[in-house]
There are 2 protein chains.
Amino acid sequence: MSVDVLPSPTVATACCAPLVRQPLSAEEAADLSRVLKAIADPARLRLLSLVAAHAGGEACVCDLTEPLGLSQPTVSHHLKVLVDAGLLSREKRGVWAYFGLVPGALDAVANVLSTTGAPAGAADGQPSFC
Amino acid sequence: MSVDVLPSPTVATACCAPLVRQPLSAEEAADLSRVLKAIADPARLRLLSLVAAHAGGEACVCDLTEPLGLSQPTVSHHLKVLVDAGLLSREKRGVWAYFGLVPGALDAVANVLSTTGAPAGAADGQPSFC
DNA sequence: CGACGACATTGACCTCAGTCGATGGCTGGG
DNA sequence: CCCAGCCATCGACTGAGGTCAATGTCGTCG
């Protein structure tokens, strides 16, 4: 296989970009579009909301296949996309794999899109990104 | 064909949805993904930032083809996608067509993604959406 | 009124992304 | 020690989307 597990939290590079203040470069636009493409899918949007609304803030694959009406490989694929984009975290406990929201990741994307600089206490306290 | 030109300002239906509070329905996710798919493209992201940063907050097609390095039909196509998504407004004055940001549209999307309810003064005063 | 320029539309090509069935790896239980 | 269940990966199919050349439409100017 050619590609290996490059860490690349793509959301990090797209952070703190005003978007409406000055023209984006081709690189910045490509980075930001990568994260947005990960979110711009109905199945993945529902996955994000399902995980976030689940008890404890995390859910396993078996909890997600039914509400989405998709096959298990498809759900696993979408979860991998979200994890690679830096939006979800994956933790394997025993047989089950638990997925949870990465704190501040969605807020970082929201900050980029917002015409105002930064929401009051949204991505606040996330120095790993900004 | 089945689908016709429904006006559908898709951003309106996707407004005010917490996303992390309760699971999205298939309909809500489809609506929201439509708007996000419009933004999740490097060329369109650069178009948004170019228009926003342009003098007067509006720009015509001839101002946008060069910085993007894309052909005129392609730029026109991307602009149409953004207009259909409710993110850009199009006003034809004489021979030129001027495009400008729809106020509050990007902030509405940012609100949906943000884990906190609403940024302080972002989409504030946009009763057409919320 | 004829030519030019700005923009939109069409048609076609090509690449990529979403989906599923089948299979493999791994862990826990009998 | 073997079996059962959860999850990831693979391969293939299909549809959607980005891009451009060519063409059409409309307003402007000489």
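Here the structure is a predicted model, which means the values were calculated and not measured.

1. Quick look at the protein's contact with DNA strand D
No. 1: Not every one of the 23 residues close to DNA strand D is listed here, only the nearest: Ser76(A), Arg90(A), Arg44(B), Thr74(B) and His78(B).
No. 2: For DNA strand D, the fraction of atoms within 4 Å of the protein that belong to sugar or phosphate moieties is 76%.
No. 3: A distance of 3.3 Å separates a phosphate oxygen of DNA strand D from a polar side-chain atom of Asp41(B).
No. 4: In this structure, Thr74(B) approaches DNA strand D through a side-chain N or O atom, which is 2.8 Å from a phosphate oxygen.
No. 5: Within the residue set of the surface near DNA strand D, elements represented by two or more residues are α4 (61-68), α5 (72-84) and β3 (96-101) of chain A together with α5 (72-84) of chain B.
No. 6: A per-class count over the surface near DNA strand D returns 12 nonpolar, 7 polar and 4 charged.

2. Quick notes on the confidence of the model for chain A
Residue and element names in this part refer to chain A.
No. 1: Averaged over all residues, the pLDDT of chain A equals 83, while 76% of them reach at least 70.
No. 2: Between the elements of chain A, mean pLDDT differs from a low of 51, seen in helix α1 (residues 10-13), to a high of 98, seen in α5.
No. 3: Counting interchain partners and residues more than four positions distant, the pLDDT-below-50 stretch residues 1-9 has 1 contact.
No. 4: Low pLDDT, under 50, characterises residues 120-130; the stretch is placed with 18 contacts to residues that sit more than four places away or in other chains.

3. What to know about the protein's contact with DNA strand C
No. 1: Every one of the 22 residues lining DNA strand C counts as a neighbour, but Arg44(A), Thr74(A), His78(A), Gln72(B) and Ser76(B) are closest to it.
No. 2: Counting only atoms of DNA strand C within 4 Å of the protein, the fraction found in sugar and phosphate groups is 75%.
No. 3: At 2.4 Å, a side-chain N or O of Arg44(A) approaches a phosphate oxygen of DNA strand C.
No. 4: In this structure, a phosphate oxygen belonging to DNA strand C sits 3.5 Å away from a main-chain N or O atom of Ala97(B).
No. 5: Mapped by element, the contributors of at least two residues to the surface near DNA strand C are α5 of chain A together with α4 (61-68), α5 and β3 (96-101) of chain B.
No. 6: Its residues assigned to classes, the surface near DNA strand C shows 11 nonpolar, 7 polar and 4 charged.

4. Considerations on the packing of aromatic side chains
No. 1: Tallied over the full model, the rule gives 0 aromatic pairs over all chains.
No. 2: For Arg93(A), the ring lying beneath its charged end belongs to Tyr98(A), and the centroid distance is 4.2 Å.

5. Digging into the side chain of Ser114(B)
All names here are of chain B.
No. 1: With respect to the helices and strands, serine 114 occurs in the segment after α6 (105-113).
No. 2: Owing to a relative accessible area of 2%, serine 114 belongs among the buried residues under this scheme.
No. 3: A polar contact of 3.0 Å, which involves the side chain of serine 114, links it to the side chain of threonine 116.

6. Digging into the packing of α4(A) against α5(A)
All names here are of chain A.
No. 1: At a minimum axis separation of 9 Å, α4 and α5 run at an interaxial angle of 110°. Put simply, α4 runs roughly perpendicular to α5. Between α4 and α5 the crossing geometry is right-handed. Counted together, Val61, Leu64 and Thr65 of α4 and Gln72, Val75 and Leu79 of α5 form the full contact between these two elements.
No. 2: Of the residues belonging to the contact of α4 with α5, the class tally is 4 nonpolar, 2 polar and no charged.

7. Focus on the nonpolar core
No. 1: Counting residues in each nonpolar core, the largest one holds 68 residues, and the members touching the most others are Ile39(A), Leu87(A), Leu113(A), Ile39(B), Leu87(B) and Leu113(B).
No. 2: Those residues within four positions of Leu87(A) in sequence are excluded, and the remaining contacts are Val35(A), Ala38(A), Ile39(A), Leu82(A), Gly100(A), Leu101(A), Val102(A), Ala105(A) and Leu106(A).

8. Regarding the relation of the copies chain A and chain B
Two copies of a chain can be linked by a rotation about an axis combined with a shift along that same axis.
No. 1: Take chain A, turn it by 180°, move it 0.0 Å along the axis, and it overlays chain B with an RMSD of 0.0 Å. Taken together, the turn and the small shift mark the pair as related by a two-fold rotation axis.
No. 2: The share of interface residues of chain A whose copies in chain B are also at the interface is 100%, consistent with both copies meeting through the same surface.

9. Quick look at the packing of helix α2 (residues 26-39) of chain A against helix α3 (residues 42-53) of chain B
No. 1: Two elements in contact, α2(A) and α3(B), have axes separated by 8 Å at closest approach and are oriented at 115°. Judged by the sense of rotation from one axis to the other, the crossing of α2(A) with α3(B) is right-handed. Contacts between α2(A) and α3(B) involve Ala26(A), Ala29(A), Ala30(A), Leu32(A), Ser33(A) and Leu36(A) on the former and, on the latter, Pro42(B), Leu45(B) and Arg46(B).
No. 2: Residues that form the contact of α2(A) with α3(B) fall into these classes: 7 nonpolar, 1 polar and 1 charged.

10. Focus: the pairing of strand β2 (residues 88-93) of chain B
All names here are of chain B.
No. 1: In this structure, β2 lies alongside β3, joined through 6 bridges in antiparallel fashion. Counted as the bridge partner of leucine 88 is leucine 101 from β3.
No. 2: Linking two consecutive strands that pair antiparallel, namely β2 and β3, is a turn of 2 residues; a positive phi of about 65° is found at glycine 94 within it.

The rules behind the values
- Residues numbered from 1 in each chain as written.
- Chains lettered and ligands numbered in written order.
- Predicted model: local features only at pLDDT ≥ 70, side-chain atom pairs only at ≥ 80, totals over all residues.
- Heavy atoms only, no water.
- Near = heavy atom within 4 Å.
- Polar contact = N/O pair within 3.5 Å; in protein donor to acceptor, adjacent residues only side chain to side chain.
- Helix = DSSP H or I, 4+ residues; strand = E, 2+ residues; numbered from the N terminus.
- Nonpolar A, V, L, I, M, F, W, Y, C, P; charged D, E, K, R; others polar.
- pLDDT = per-residue confidence, 0-100.
- Contact = heavy atoms within 4.5 Å.
- Phe/Tyr/Trp six-rings, centres within 6.5 Å; stacked < 30°, edge-to-face > 60°.
- Lys NZ or Arg CZ within 6 Å of the ring centre and 35° of its normal.
- Buried < 20%, exposed > 50% of the residue type's maximum accessible area, 1.4 Å probe, protein only.
- Axes fitted to C-alpha atoms, helices over the stretch in contact; angles between N-to-C directions.
- Parallel < 35°, antiparallel > 145°, perpendicular 65-115°, else oblique.
- Left-handed = near helix turned anticlockwise from the far one by under 90°.
- Core = buried A, V, L, I, M, F, W, Y, C linked by side-chain atoms within 4.5 Å.
- Least-squares fit on C-alpha atoms with pLDDT ≥ 70 in both.
- Pairing = 2+ DSSP bridges.

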